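These are the residues of each chain, in order.
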Amino acid sequence: MARKITMRQALNEALDQEMRRDPSVIVMGEDIVGGAGGGGEEDAWGGVLGVTKGLHGKYRGRLLDTPLSESAYIGAAIGAAACGMRPVAELMFLDFMGVCFDQIFNQAAKFKYMFGGKAETPVVIRAMVGAGFRAAAQHSQMLTPLFTHIPGLKVVCPSNAYDAKGLLIQSIRDNDPVIFCEHKNLYATEADVPAESYAIPFGEANVVRDGKHCSIITYGMMVNRSMDAAAELAKGGVECEVVDLRTLSPIDWDTVIDTATKTGRVVCVDEANPRCSIASDVSAMVAQECFKALKGPIQMVTAPHTPVPFSPFLEDLYIPSVASIVAAVKKTMAN
Amino acid sequence: MSVGRTKPSGPVVGIIANPVSARDIRRVIANATALQITDRANIVLRVLSCLKSCGVNEVLMMPENGGIRHHVRRGIDRAENQRTGEFPNLSHLDWKISGTVSDTIRSAREMKERSCAAIIVLGGDGTHRAVVSACGDVPIAGISTGTNNAFPEHREPTITGLAVGLAVMGRVPARVAFAANKQLVVMVGGQQEIALVDVAVVTECYVGARALWRTDTFRELFVTYADPEVIGMSAIAGLLKPVSRAEPFGLHVKIGTAAEAKFAVNTPIAPGFMRSVGIRSYARLAAGKLMNPEIGGGSIALDGERELSFTENDEVSIVLKNNAFRTVDISSCMQYAAKKGLMREPGVRRQS
Amino acid sequence: MAKKPAKKSKPTTKAKSTKRVVKAKLAKPVKLVSKPVKKALGKRAAAKPVPKRKGNVFPLDKAGLLAAYRTMRTIREFEERVHDEFATGDIPGFVHLYAGEEASGTGIMMHLKDIDRIASTHRGHGHCIAKGVDVKAMMAEIYGKVTGSCRGKGGSMHIADLSKGMMGANGILGAGAPLICGAALAAKYRGDGAVGISFVGDGASNQGTFLESLNLAAVWNLPAIFVVENNGYAESTSRDYAVAVDSYVDRAAGFGLPGVTVDGLDFFAVYEAAGEIIRRAREGGGPALLECKMIRMFGHFEGDQQTYRAKGEVEDIRANKDCIKMFSERVVESGVITRAELASIDDTAHALIEEAVAYAKAAALPTAKDLTNDVYVSY
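Cut-offs applied
- Residues numbered from 1 in each chain as written.
- Chains lettered and ligands numbered in written order.
- Predicted model: local features only at pLDDT ≥ 70, side-chain atom pairs only at ≥ 80, totals over all residues.
- Helix = DSSP H or I, 4+ residues; strand = E, 2+ residues; numbered from the N terminus.
- Rg over C-alpha atoms; globule rule 2.2 N^0.38 Å.
- Buried ≥ 20, exposed ≤ 12 C-beta atoms within 10 Å, placed from the backbone.
- Contact = placed C-beta atoms within 7 Å.
- Pairing = 2+ DSSP bridges.
- Axes fitted to C-alpha atoms, helices over the stretch in contact; angles between N-to-C directions.
- Nonpolar A, V, L, I, M, F, W, Y, C, P; charged D, E, K, R; others polar.
- Core = buried A, V, L, I, M, F, W, Y, C linked by C-beta atoms within 7 Å.
- Right-handed = clockwise from strand over helix to strand, strands pointing away.
- Domains from an automatic or database assignment.
- Parallel < 35°, antiparallel > 145°, perpendicular 65-115°, else oblique.
- Left-handed = near helix turned anticlockwise from the far one by under 90°.

## Concerning the overall build of chain B
Reasoning step 1: Secondary structure assignment for chain B yields 9 helices and 15 strands.
Reasoning step 2: Relative to the 2.2 N^0.38 estimate, which gives 20 Å for 352 residues, the radius of gyration of chain B is 21 Å and therefore close to what a compact globule would have.
Reasoning step 3: Expressed along its principal axes, the backbone C-alpha trace of chain B runs to roughly 70 × 45 × 35 Å.
Reasoning step 4: Counting across all 352 residues of chain B, residues that qualify as buried make up 53%.
Reasoning step 5: For chain B, restricting intrachain contacts to residue pairs at least 6 apart in sequence, the fraction spanning at least 24 positions comes to 72%.

If you want it as structure tokens, here you go:
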């Protein structure tokens, strides 16, 4: 039975249901409970934006607040996973990857391969991504490309509450290390979410809008903007197909190739910076595999090659706008 | 910094600061501190400035790679930059460091050869014992930076430095400044060792990690003095029948299991570590009387560290020796200084 | 510096000659020292008091002593042989040899079971062998063969065997410390009494991961033990340069953890201290740090010309700081074990390594499909 809940609540529900189902699931991170060691409320925060609120009371001893020590506790989550636990570690902001990246990309990502297949690291690292929160340069990045580049990691970035719950459940059940990206600007968005537990497989993109003229391939918060752009373009008779990638590694190349072949016109929309972005990754694959089917040059709509600015006026310019997506579609349609 | 061969101006004080005392297993099994290197260096700096204020201009130190030297040098350099003039000239003995107790022994011997007026020792009982084995007649002043520290008296090192300074400058007469101390001499086969506080005979043969804590293996205890205010093996004696450092005899305690013992003494044998020790008997230990252990085989712990093992085939003897070595009597020096107004000055000096 | 010729080092009675040499040096300036003091000096000048008594004065029974010798000897044989084979050019990549450090790994690992976990450094062969990883599979891995511990996919720096609780040698220094916090967390969560041991060197003790792990282990009271194998060098850089205070116990104290420093060349000192620390951790007493002071016999990596060493330093190590020789001296002198028994173990170890090298050389290489498999469990 589905009901409207926010993405925040959907994520909380996913954690709750998986923790109930599997005692080896533990959660750790900074302030995921909150108030540790102090004289105030227990479960003071439940995560800096409240995603884990209320779980501490249900699962005593399975949610661990950590010291401000990413390389230690992310590493500990990875080590515990290698020893058969299923930890969900929160990195708070994906921007903090710098201080613990070795544990993620040189350790977790490589154990299975380096140890000849004889290791499994079923760890989930949840982290906030994305701009629009006025959180400035070090708390607003879309660093997904850095992780999709690494063999051995899986990267997930849901665009809505329904996908968020299903993909987080799948991430926890998955036996590989997963980087689960939560767009901080989407926490409050609502969708119809079933109360029961369900998992969405990785590597399956979602075609959220059918269209025959142009394919907009995107993920995360850009899905909504792409839908807005598509609505505007539809007024002018241009029907866009919008594809929500959902998981960036593994990526659903089949759907990407199908949609590119179908429409012959592709616009990749990505909140990341342009160099080595997901947009460039998808564009290259489309150019290679669908060259004959293309009717016009592939367009990429990304953030500029700058850090995220603070001033709201500038930040709003930074994030790819509906207008820029519309312009890109028109450009590829023009040929 | 190498030592010059020219005659120094005024008395030279030696300092032996052990960087590796207080690092053994008692950090884990008891609640023993591990006094940090920087704290040991700070103690040295306190002592140096007090020596200087008494007029001691030359200090000679044991070389080590444990880090004390670097921190002391930094402290001295800082003072030089600020022109406080608060430290004496500091030099180190200059030879290859082994990082073992032989550095301590060699330093003590060389400080004696260079006629140091006194040697200040930072270490535990083991360090002090090593120094005494080689320093001859040079008086020592102990600062406890080890685990049990039954031998060096516990006091603020600043006072130790001050008292030594007054003593070596002759401000306090020798009969007041220096005290005679007892020693236990142990012979196992042909090998001789000394102990400054206690000799324990235990049934456990293993001499490896050197720290003593399994009370069920204790058989006999010989002490030079018995102070109820210290911890370690000698505390067993101290809590039975106190004997001062000045009295010309010691104590011999026979320890036993629950079956053999007449009663037990609940004793702090390590920091924060109380153990019940069964007592069969105890008696005064006369100086010069050769004692042999009751058990045929086991090991001997000297000042709380298991050092020697023996079997039926070995000749083992333990004897108490009076007037074996000298210490600077810090308490007497300071009492004398107060009584005679040694620290009084005609007017108030400008301090930098 | 020329590469060393292959030789089987056999234990010799070196301790006595060492004493004589030191005594002679001291004898020159000493003129006024009394006899008892001279005697005490002569005896004390040796690095460690060597018990000349008969009977088992050790904390292990004869079988345990033989097992310890066997492990140390196997490591030494393995490393010496890898050194020789590497010089022929048959071994790809880099190897970092543990020769000279055997007493540390062995003294610690003898207290562990398969369920206890360790994480090692780039210098991991000794830890692997002491933890029970199959020697033949290790050798095959070093040669990049498909029957290697990691199917040829890891190499010397990444040998692992999770079934033996060996979470891998690691090419990233300090990376093992957080992983061991995780292993210890898992053990604590399950209540299975297992411990985790993280090995780092004096150089890696400066890594943030190590220091953060000390704090995390302390605040979560994890059964995690941090062992600093202080061999004095981080590649070519001496610890006297790189480590602000050469005391890792002091670092642990900064996080409220107890620490013990032992002579890492003395198997018995390591064994006893490690035993107490591990027992305490198993019983919920929490984390601790063990510093083992030691030397390494070879360079940082094979091919390292070791120009950063002082003249005669390596020769001095081989002559005077060989932990296996010192172990042999002590057990033989006590009468518990005969030279013949040790020699028999030497032969067995040698034969095992011979077999391992032959096995490795004859083993098959991975195939092309091994390139792309085992990246994920499923993708």
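## Describing the sheet that holds strand β3 (residues 63-65) of chain A
Residues and elements named next belong to chain A.
Reasoning step 1: Spatially, β3-β2-β4-β5-β7-β6-β12 is the arrangement adopted by the 7 strands of the open sheet, whose pairing is mixed. The two strands at the open ends of the sheet, each matched to only one other strand, are β3 and β12 (247-249). With strand direction ignored, the average angle separating the axes of adjacent strands in the sheet is 20 degrees.
Reasoning step 2: Where strand β2 (residues 25-29) lies against β3, 3 bridges are found, and the strand directions are parallel. For V27, the partnering residue across the bridge sits in β3 and is L63.
Reasoning step 3: Across the sheet, helix α6 (residues 161-173) touches β2, β4 (86-93), β5 (124-129), β6 (154-156) and β7 (178-183), and the angle it forms with β7 is around 160 degrees.

## A closer look at the interface of chain C and chain A
Reasoning step 1: Of the residues lining the interface, 34 residues belong to chain C; the matching set on chain A comes to 34 residues.
Reasoning step 2: Looking at the side of chain C that touches chain A, the elements with two or more residues in it are α7 (176-190) and α8 (208-219) of chain C.
Reasoning step 3: Of all the elements, α7(C) adds the most residues to the side of chain C that touches chain A, at 9 residues.
Reasoning step 4: Tallied by class, the residues present in the side of chain C that touches chain A amount to 20 nonpolar, 9 polar and 5 charged.

## Observations concerning the arrangement of the chains
Reasoning step 1: By contact count, the dominant pairing among the 2 pairs of chains in contact is that of chains A and C.
Reasoning step 2: Contact between chain A and chain B is absent, and the least distance between their C-alpha atoms amounts to 24 Å.

## Brief notes about the nonpolar core
Reasoning step 1: Of all hydrophobic cores here, the largest spans 323 residues; its most connected members are B:V13, B:V44, B:A118, B:I119, C:C181, C:I225 and C:L290.
Reasoning step 2: Here the element with the most residues in this core is helix α11 (residues 267-282) of chain C; it accounts for 10 residues.
Reasoning step 3: When near neighbours in sequence (up to four residues on either side) are disregarded, C:C181 contacts A:A72, A:G75, A:A76, A:G79, C:S213, C:L216, C:A217, C:L222 and C:A224.

## So, the environment of A:N224
Reasoning step 1: Within the secondary structure, A:N224 sits in helix α7 (residues 222-235).
Reasoning step 2: When the C-alpha atoms of A:N224 and A:K235 are compared, they prove to be 17 Å apart, with 11 residues separating the residues in sequence.

## Some remarks on the pairing of strand β10 (residues 214-218) of chain A
Residues and elements named next belong to chain A.
Reasoning step 1: The buried count for β10 comes to 5 of 5 residues, which makes it a mostly enclosed element.
Reasoning step 2: Judged by which residues are buried, β10 turns out to be covered on both faces: C214, I216 and T218 on one side and S215 and I217 on the other are all buried.
Reasoning step 3: Sheet topology note: the β10/strand β11 (residues 240-244) ladder contains 5 bridges and is parallel. The residue bridging T218 from the neighbouring strand is D244, located in β11.
Reasoning step 4: The parallel pair β10 and β11 is bridged by α7, and the resulting crossover is right-handed.
Reasoning step 5: Two elements, β10 and strand β13 (residues 266-270), share 3 bridges in a ladder whose sense is parallel. From the neighbouring strand, I217 faces β13, where its bridge partner is C268.

## Digging into the sheet that holds β13(A)
Residues and elements named next belong to chain A.
Reasoning step 1: Read across the sheet, 5 strands follow the order β9-β11-β10-β13-β14 without closing on themselves; strand pairing throughout is mixed. Across the chains shown, the open sheet's two edge strands, defined by having one partner strand only, are β9 (206-209) and β14 (299-302). For this sheet the average axis-to-axis angle between neighbouring strands, irrespective of direction, equals 25 degrees.
Reasoning step 2: In the packing of helix α9 (residues 278-289) onto the sheet, the strands contacted are β10, β13 and β14, and the crossing angle to β13 comes to about 160 degrees.

## A look at the domain arrangement of chain A
Residue and element names in this part refer to chain A.
Reasoning step 1: Each domain of chain A was delimited in the assignment, giving domain 1 (2-194) and domain 2 (206-334).
Reasoning step 2: Each of domain 1 and domain 2 has a C-alpha centre, and these two points are 27 Å apart.
Reasoning step 3: Residue-level contacts link 24 residues of domain 1 with 22 residues of domain 2.
Reasoning step 4: Looking at the side of domain 1 that touches domain 2, the elements that each hand over two or more residues are α5 (144-148), β6 and α6.
Reasoning step 5: Residues of the side of domain 1 that touches domain 2, tallied by class, amount to 12 nonpolar, 9 polar and 3 charged.

## Here's the deal with unusual backbone geometry
Residue and element names in this part refer to chain A.
Reasoning step 1: Each neighbour pair has its own omega, and for S249 with P250 the value is 0 degrees, a cis peptide bond.
Reasoning step 2: Here the phi dihedral of R246 falls at roughly 65 degrees; this positive angle occurs in a residue that is not glycine.
Reasoning step 3: Mapped onto the elements, R246 comes out in the loop between β11 and β12.

## Regarding the packing of helix α4 (residues 101-113) of chain B against helix α5 (residues 125-135) of chain B
All names here are of chain B.
Reasoning step 1: Two elements in contact, α4 and α5, have axes separated by 8 Å at closest approach and are oriented at 40 degrees. In terms of axis orientation, α4 runs oblique to α5. As for the relative orientation of α4 and α5, their crossing is right-handed in sense. Between α4, through V101, T104, I105, A108, R109, M111 and K112, and α5, the contact on the second element is made entirely by T127, A130, V131, S133, A134 and C135.
Reasoning step 2: Partitioning the contact of α4 with α5 into residue classes produces 8 nonpolar, 3 polar and 2 charged.

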